[in-house]
There are 2 protein chains.
Amino acid sequence: MVLKGKVVIAQGGGPTAVINQSLVGAALESRKFPQVERVYGAVHGVRGIINEDFLDLTQETTHNLECVANTPSSALFSTRDKPDEKYCKEIFEVLKAHDVRYFFYIGGNDSASTVNIVNENAKKSSYEFRAIHIPKTIDNDLLVNDHTPGYGSAAKFVSQAFNGVDLDNRALPGVYIGVVMGRDAGFLTAASAIAQKFPDDGPHLIYLPEVPFDKEKFLGDVREIYRKYGRCVVAVSEGIKNEDGVPVAKDLMSKIEYDAHGNIVLSSTGALGEKLASYVKENLGISRVRSDTFGYLQRSFMGCVSEVDQHEAREVGEKAAQFALWHNMDGSITIHRTGDYSVDYRLTSLDKVAKYTKSMPEHFINKEGNHVTEAFKNYLRPLIGQDPFTAHMLRAPKVDKILKNI
Amino acid sequence: MVLKGKVVIAQGGGPTAVINQSLVGAALESRKFPQVERVYGAVHGVRGIINEDFLDLTQETTHNLECVANTPSSALFSTRDKPDEKYCKEIFEVLKAHDVRYFFYIGGNDSASTVNIVNENAKKSSYEFRAIHIPKTIDNDLLVNDHTPGYGSAAKFVSQAFNGVDLDNRALPGVYIGVVMGRDAGFLTAASAIAQKFPDDGPHLIYLPEVPFDKEKFLGDVREIYRKYGRCVVAVSEGIKNEDGVPVAKDLMSKIEYDAHGNIVLSSTGALGEKLASYVKENLGISRVRSDTFGYLQRSFMGCVSEVDQHEAREVGEKAAQFALWHNMDGSITIHRTGDYSVDYRLTSLDKVAKYTKSMPEHFINKEGNHVTEAFKNYLRPLIGQDPFTAHMLRAPKVDKILKNI
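Residues numbered from 1 in each chain as written. Chains lettered and ligands numbered in written order. Predicted model: local features only at pLDDT ≥ 70, side-chain atom pairs only at ≥ 80, totals over all residues. Heavy atoms only, no water.

The subject of this paragraph is the side chain of Thr334 of chain B. Residues and elements named next belong to chain B. In this structure, Thr334 sits in strand β10 (residues 331–339). For Thr334, a relative accessible area of 0% translates into the label buried. Here Thr334 is in contact with Val144, Asn145, Asp344, Tyr345, Arg346, Thr348 and Val353, once residues within four sequence places are set aside. (Helix = DSSP H or I, 4+ residues; strand = E, 2+ residues; numbered from the N terminus. Buried < 20%, exposed > 50% of the residue type's maximum accessible area, 1.4 Å probe, protein only. Contact = heavy atoms within 4.5 Å.)

As structure tokens, this is what we get:
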């Protein structure tokens, strides 16, 4: 029997450059099915459901949906709320009141948990209900998935940023430290390596949350690179931790701010980069040491999108609607790499994607723990799409000196 | 009589996204003239001249020069050296030793001064010599010029960045403060306004070095916008000053670092943005307040270039070679707006461009001193080139509540 009712789509967590592709993929596909009475969008994620803030996406033009798909950040707006059991029950009650039978939630592992609990509520109430989690995160830390929508575009931003600052650092040499988002997973910081073309290109050093950060080792690394090249470009993850697992950034902050999930707010402070810069300056006697914290630019910069990421984000949205509406199935859409480069989408049970996160595997990190491997570069390369931006250098020969040779 | 000899081209100051267009424009045009015996590039600007570090650009392929032209940052590398009389005399001596008769220096107003003094040295020695300054600066602060090469592309970066963070701020509302480069001129910070499309788009407030910064006024402005929209996006120039002309950033820095020009190093510290964010948080009781300092990304980001800026940078380089080689003239190439939108290039005497800088004129700043005018937007729009990146929003109608209306 075909399950008649409404569809609700929501977006959660940090925005990405392609999250609206998933929204539009799910919305347009859902609108094709006769059993779908309406397609609603929840405004500000799960909080919008609680507040019954819905937009009727069946009254939105296809053209404008396509335009929105190409716009970064969450068009339905987002939330940092992390629903507990009671919150999930409320979500379910609202969805039931509106005769919602299909729920698609685009987000990270927390969102997968939410979808799971809401679904359990439906089962307990014997309410026929299909709930699907659509993957999204620039951190690339979802289990089961080869990679996640949003990552490729953010990686492209980080790659282009490091490509540029490395050229800048060649022109005006010194030490440059760029701090990249990533609380527990170093995938985004590691993307800085893709910018390397010439053998002496930066970043020369990469520090990830997966490798315990040792200040003395860091100092030695910078000293060696600086001696070799007369300059040094460093990529550092905001989430680097010391031997005891304490974020290095935590020691440096005067006031510690926690988000709704109980995590320390690492973004929006330049403290980590600046302290590391001071540390280098004081201990190595290098005068020109600069740091930047990439902050929010890296997840929402207009016009820096991987077309591979775009297509995949669209497809996971569409697949969610197909699995729910053709097959009457629940779960999380997962991306699997099947070739070099090809992917397949599968439906995975929600509990396998929820709760836990994925870190950089060992074979992606070099032995020294201060850079990435070729295996990582091969993994990342197809995800950032075609990149027409390549640096070129002058290869003209040096002229013989006249005065200095006298 | 035709003046036979070598050409030297150099790049000074902060790199831009299009400075290599000027280098290649001057090099390729110079290579066409039979009186030009060699085209040299000085490595690391004027310091490269002193050190006799030249590359022979006549042995560089045209193809690779074209590739380099499309690469951001200074391909000949740069310097922060600000030559005094003695330094300029040394420059002249080296140029003379190498039989250099044409000197093209791409840079800001300090570079124009250098060209001027070197030229005076040549005159005093009755050495036949043509010296031309080629304009470049993301700050857009050169006198006589309508605008300067490098500005359009940096402005495009700032515009796309604010376009993105504004969408991000809609999704997860709060107060966002973005700090943009610009010590004395607010042109680059003002470019954040071009991102605005919908009436409630950010940045809602813009603070420039040209308007004395009043913390209480700032607080009131943010309060009002936040009350109106439930969020607030602010663009702040790193160079904002208080009533007494003291940089606001200076009060906030624990250690003050000066560059070779005696200016405080404002970039590479997030202190200004973070202090303003704390100030808002503490006084307005808004919990989500974030700040980013755009830092070096804004002048060297790969792949964010205005094609208008690119073409003009190319043309000022070419014009330098033409004025020197066809017309035997010295001076600074200046850009003049002749229509909407068209430009013309003229040769202006060096002393008119050297030393002083230009600020935002009054009619580009709104009466409140916290935003820009339509006149500024009309001025800027053609400079950032075609921008295919436009934000779109959902226009779907709201759904009636069921539970909340019971």
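Side chains carrying opposite charge are able to pair once their charged atoms draw close together. Summed over all chains, the structure comprises 43 salt bridges over all chains. Among the ionic pairs, Glu66 of chain A bridges to Arg314 of chain A, the shortest N-O distance being 2.7 Å. One end of the pair, Glu66 of chain A, is in helix α3 (residues 62–69); the other, Arg314 of chain A, is in helix α12 (residues 307–327), and 248 residues separate them in sequence. Residue classification places Glu66 of chain A among the partly exposed positions, given a relative accessible area of 30%. In the salt-bridge network here, residues are joined through shared partners; they are Asp53 of chain A together with Lys398 and Lys401 of chain B. (Salt bridge = Lys/Arg side-chain N within 4 Å of Asp/Glu carboxyl O.)

All names here are of chain A. Residues annotated by UniProt as "site: Important for catalytic activity" (unreviewed entry) correspond here to Lys136. Turning to its location among the elements, Lys136 is positioned in the loop between β5 (130–135) and α6 (151–171). Not counting residues within four places of it along the chain, the set of residues in contact with Lys136 comprises Gly12, Gly13, Gly14, Thr16, Ile19, Ile106, Gly107, Gly108, Leu142 and Pro149. Among the polar contacts made by the side chain of Lys136, one reaches the main-chain carbonyl oxygen of Gly14 at a distance of 2.8 Å. (UniProt positions renumbered as here; feature names shortened; annotations may be inferred. Polar contact = N/O pair within 3.5 Å; in protein donor to acceptor, adjacent residues only side chain to side chain.)

Turning chain A through 180° and shifting it by 0.0 Å along the axis lays it on chain B, with an RMSD of 0.0 Å. Taken together, the rotation and translation describe the operation of a two-fold axis. Of every C-alpha in chain A, the one belonging to Gly270 of chain A sits nearest the axis of rotation, 2.6 Å from it. Both copies present the same face, since 100% of the interface residues in chain A are matched by interface residues at the equivalent positions in chain B. (Least-squares fit on C-alpha atoms with pLDDT ≥ 70 in both.)

Attention now goes to the domain arrangement of chain A. Residue and element names in this part refer to chain A. By the assigned domains, chain A splits into domain 1 (5–149 + 304–353) and domain 2 (154–302 + 360–384). Between domain 1 and domain 2, the C-alpha centre-to-centre distance is 32 Å. Domain 1 puts 22 residues into the contact, and the matching count from domain 2 is 20 residues. Where domain 1 abuts domain 2, roughly 1900 Å² becomes buried across the two surfaces, and 58% of that area is made up of carbon and sulfur atoms. Among the residues of domain 1 in contact with domain 2, Arg80, Ile138 and Cys304 are the three that bury the most area, contributing 33% of the side total. Taken together, domain 1 and domain 2 are joined by zero salt bridges. Scanning the region where domain 1 abuts domain 2 turns up six residue pairs in polar contact (both at pLDDT 80 or more). Across the side of domain 1 that touches domain 2, the residue classes tally to eight nonpolar, five polar and nine charged. (Domains from an automatic or database assignment. Buried area = accessible area lost by both parts, 1.4 Å probe. Nonpolar A, V, L, I, M, F, W, Y, C, P; charged D, E, K, R; others polar.)

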